Amino acid sequence: KPPRPVHNNPCLVLGSSEEEALKEAFSQYGSVSETFSPKGQNFTFVHFEDKYDAEKAMNALNNTKIGGKQVKVTDGKCANREVNEWRASLLRGK
C-alpha cells in the first residue's frame, strides 16, 4: 500500500506576520526549516523539513491564537486562492 499523499508543506498562516512567534508555535510539531512573511502583508509561510509535521501543525494550529492573534492555517500550495478569500473577508468586515 503506497504512503498517503500529503501536500501541506508549506503551511500558510493567515492573520500573523510575527515570524518568531509562529516559528515557536510551529516548532512544537516538528523541525521548521524556514518562515517567510512578505513585506507589508499579514500572512506567513512556514516550511517544515518533514511534510507530515506540516500536516500535524496545520491541523493543530488552525483557528487558534498565536502571539495574541487569531490565525487560520491552511495548505500553502493553495495560497493565491486562500489569500484572496481572506483579503475579501477583511474588506467585507470593515
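Parameters and conventions
- Residues numbered from 1 in each chain as written.
- Predicted model: local features only at pLDDT ≥ 70, side-chain atom pairs only at ≥ 80, totals over all residues.
- Heavy atoms only, no water.
- Helix = DSSP H or I, 4+ residues; strand = E, 2+ residues; numbered from the N terminus.
- Buried < 20%, exposed > 50% of the residue type's maximum accessible area, 1.4 Å probe, protein only.
- Pairing = 2+ DSSP bridges.
- Salt bridge = Lys/Arg side-chain N within 4 Å of Asp/Glu carboxyl O.
- Polar contact = N/O pair within 3.5 Å; in protein donor to acceptor, adjacent residues only side chain to side chain.

Draft legend 1. The arrangement of the environment of Glu 24 in detail. As for its position among the elements, Glu 24 is in helix H1 (residues 19–26). Residue Glu 24 is classed as exposed on the basis of its relative accessible area of 61%. Measuring from C-alpha to C-alpha, the distance between Glu 24 and Ile 66 comes to 9.3 Å, with 42 residues separating the pair along the chain.

Draft legend 2. Structural detail: the pairing of strand S3 (residues 43–48). The element S3 is extensively covered by neighbouring structure, given that 5 of its 6 residues are classed as buried. Of the strand pairs in this sheet, strand S1 (residues 11–14) and S3 are connected by 4 bridges, and their pairing is antiparallel. Within the sheet, the bridge partner assigned to Leu 12 lies in S3 and is Phe 45. Here strand S2 (residues 32–36) folds back onto S3, and the loop between the two strands holds 6 residues, one of which, Gly 40, carries a positive phi near 80 degrees.

Draft legend 3. Layout of the pattern of salt bridges. Evaluated as defined, the whole model comprises 2 salt bridges. We note a salt bridge from Asp 53 to Lys 56, for which the minimum N-O separation is 3.1 Å. With a gap of 3 residues between them, Asp 53 and Lys 56 both fall in helix H2 (residues 51–61), about one helical turn apart. Here Asp 53 falls in the buried class, since its relative accessible area comes to 15%. Given the relative accessible area of 46%, Lys 56 is considered partly exposed.

Draft legend 4. Structural view of the side chain of Ser 37. Relative to the helices and strands, Ser 37 is located in the loop between S2 and S3. You can call Ser 37 buried: its relative accessible area is 14%. In this structure the side chain of Ser 37 is engaged in a polar contact, spanning 3.5 Å, whose partner is the side chain of Thr 44.

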